[in-house]
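# Structural overview for review
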Amino acid sequence: MNKEYPIPEKIVRTVKEMDEDQQPREKAEKYGVGVLSIPELWAIILRTGTPGYPITELCRDMMRDNNGSLHKLERRTKQELCEMRGIGNMKAIQILSVIELIKRYFQEDIPIEDPIRSSNQIYERMRHKIGNLDHEEIWMLVLNRQNKVVKEIKLTSGTSSSSVFDLKQAIKLALLENAEGMILCHNHPSGTLKPSPQDDKLTAELKEGCKFMNIRFLDHVIVTANGYYSYNDSSRL
C-alpha cells in the first residue's frame, strides 16, 4: 500500500506578524521608499487587505496577474480592477488615481515654455499621454514662431487599429490658434513603429495643406510605449 506524501500546510502571516524588515512601511522608514518593490509600494498606498488576505499578498497577486507590468495594469478598466480578488470600488479608484498622477507628472517633464528642438522632446511629451492606449488617437501640437507649444489638440480617437483624420479640420484648428508651426502625433496600440501606407498618405496630404497655408509642418511622430518613429528624422518630410 502506497503511503501518501505529506503536504505541508500553507502558512499565511499578516503584515503585523512579519519581521520589521519585511513590512513595507517599516522598510520605507528605515531604508527609504527606493528599496521597495512595486507590490510593496502599492501595499503602502492601498493600506489594508481583507480578512485572511493581507495587503502585501493582495498587491503581489495584483501585479502577478498583470505580468508584473504597470503598463498592463494601466490598461485595466475600473470594472476589471474590481473583479480582482480583494480590490473593491475604492481600491480601484485609488489605483486609477495613482496611474493618472504618474501620467500627469511625466507630462510636466518638458515645460510648455521650452521650444521644441527634437523628435525626442515630442516623444517624451506625448508617450505618457497616448503611448500605452488600447486605441488610436491623433494629436496636433500647435507652435508659435519660436517653436514653443501654445496648444495641444486631440483631433481624433479611433479603434485599436485606425482612426479617421480630417485634413480640413486640422488646418482650420491650426489657423484658429494662429499657428506658425505644427507637429502631428499619433500612437500605434500594436507597438509597431513602422508607418502604414495610410500614415504616409496622411503625412503627405498634411504637408501640402500646411505649405499652402504657410504653416511650418515640423514632424509627424508615431508614438508607442517603448519608442517612436519620426518622419523628419527619417528624411521623409
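About the cut-offs
Residues numbered from 1 in each chain as written. Predicted model: local features only at pLDDT ≥ 70, side-chain atom pairs only at ≥ 80, totals over all residues. Heavy atoms only, no water. Helix = DSSP H or I, 4+ residues; strand = E, 2+ residues; numbered from the N terminus. Buried < 20%, exposed > 50% of the residue type's maximum accessible area, 1.4 Å probe, protein only. Polar contact = N/O pair within 3.5 Å; in protein donor to acceptor, adjacent residues only side chain to side chain. Contact = heavy atoms within 4.5 Å. pLDDT = per-residue confidence, 0-100. Phe/Tyr/Trp six-rings, centres within 6.5 Å; stacked < 30°, edge-to-face > 60°. Axes fitted to C-alpha atoms, helices over the stretch in contact; angles between N-to-C directions. Parallel < 35°, antiparallel > 145°, perpendicular 65-115°, else oblique. Left-handed = near helix turned anticlockwise from the far one by under 90°. Nonpolar A, V, L, I, M, F, W, Y, C, P; charged D, E, K, R; others polar. Patch = residues over 30% accessible without salt bridge, like charges linked within 9 Å, V, L, I, M, F, W, Y side chains within 5 Å. Areas by Shrake-Rupley, 256 points an atom, 1.4 Å probe, with all protein chains shown as cover. Salt bridge = Lys/Arg side-chain N within 4 Å of Asp/Glu carboxyl O. Pairing = 2+ DSSP bridges. Expected span 1.5 Å × (residues − 1).

## A closer look at the environment of E74
For E74, the position within the fold is in helix 4 (residues 70–74). Sequence spacing of E74 and I95 is 21 residues, and the spatial spacing of their C-alpha atoms is 8.9 Å.

## Digging into the side chain of E137
If you trace the backbone, E137 turns up in strand 1 (residues 137–143). Classification of E137 by relative accessible area gives buried; the value is 8%. Of note is the side chain of E137, whose polar atom sits 2.9 Å from the side chain of H135. Contact partners of E137, with chain neighbours within four places excluded, come to I130, K154, T156, S157, C185, H186 and N187.

## Topic: unusual backbone geometry
Unusually for a residue other than glycine, R47 sits at a positive phi of about 75°. By the element assignment, R47 lies in the loop between helix 2 (38–46) and helix 3 (55–64). On the basis of relative accessible area, R47 is assigned to the exposed category, the value being 59%. A positive phi angle is found at N147, which is not glycine, with a value near 65°. Considering the arrangement of structural elements, one finds N147 in the loop between strand 1 and strand 2 (149–157).

## As for the confidence of the model for the protein
Looking at the protein as a whole, the pLDDT averages 87, with 87% of positions reaching at least 70. Predicted confidence is poor over residues 10–15, with pLDDT under 50, and the contacts of this stretch with residues over four places away or in other chains come to 15 contacts.

## A short note on the packing of aromatic side chains
Scanning the model with the defined rule gives two aromatic pairs in all. Geometrically, the ring pair formed by Y123 and Y228 is stacked, given 4.9 Å between the ring centres and 25° between the ring planes. Of this pair, Y123 sits in helix 7 (residues 119–130) while Y228 sits in strand 5 (residues 228–230), and the two are 105 residues apart along the sequence. Given the relative accessible area of 7%, Y123 is considered buried.

## Description of the packing of helix 2 against helix 6 (residues 89–107)
At their nearest, the axes of helix 2 and helix 6 sit 11 Å apart, and the two run at 120° to each other. Overall, the two elements helix 2 and helix 6 adopt an arrangement that is oblique. As for the relative orientation of helix 2 and helix 6, their crossing is right-handed in sense. In this structure, helix 2 uses W42, I45 and L46 to contact helix 6, whose residues at the interface are K91, Q94, I95 and V98. Here the contact of helix 2 with helix 6 is composed, by residue class, of five nonpolar, one polar and one charged.

## Comments concerning a nonpolar patch on the surface
Together, L175, F212 and M213 give the surface a local cluster of nonpolar side chains, amounting to about 320 Å² of exposed area. In this fold, L175 is placed in helix 8 (residues 167–176). Note on L175: relative accessible area 38%, which makes it partly exposed.

## Some thoughts on the pairing of strand 3 (residues 181–187)
As a general feature of sheets, a regular strand has side chains that alternate between the two faces. Where burial is concerned, most of strand 3 is hidden: seven out of the seven residues are buried. The alternating pattern of strand 3 places G181, I183, C185 and N187 and M182, L184 and H186 on opposite faces, both of which are buried. Pairing analysis gives six bridges linking strand 1 to strand 3, with the strands arranged antiparallel. Residue pairing in the sheet places M140 in a bridge with L184 of strand 3. Taken together, the seven bridges between strand 3 and strand 4 (residues 216–223) define a ladder with parallel strand orientation. The residue of strand 4 that forms the bridge with L184 is H220.

## Digging into helix 6
The end-to-end C-alpha distance of helix 6, which contains 19 residues, comes to 27 Å, matching closely the 27 Å that a straight helix rising 1.5 Å per residue would cover. On its buried side, helix 6 packs onto helix 2, helix 3, helix 4, helix 5 (78–82) and helix 7.

## Things to note about the pattern of salt bridges
Per the counting criterion, the structure on display carries twelve salt bridges. Salt-bridge contacts for D61 lead to R64; the nearest nitrogen and oxygen are separated by 2.8 Å. Of this pair, D61 and R64 both sit in helix 3, separated by three residues, roughly a single helical turn. Judged by its relative accessible area of 55%, R64 is exposed. A salt bridge links E124 to R127; the shortest N-O distance between them is 3.1 Å. Of this pair, E124 and R127 are both found in helix 7, three residues apart, which corresponds to roughly one turn of the helix.

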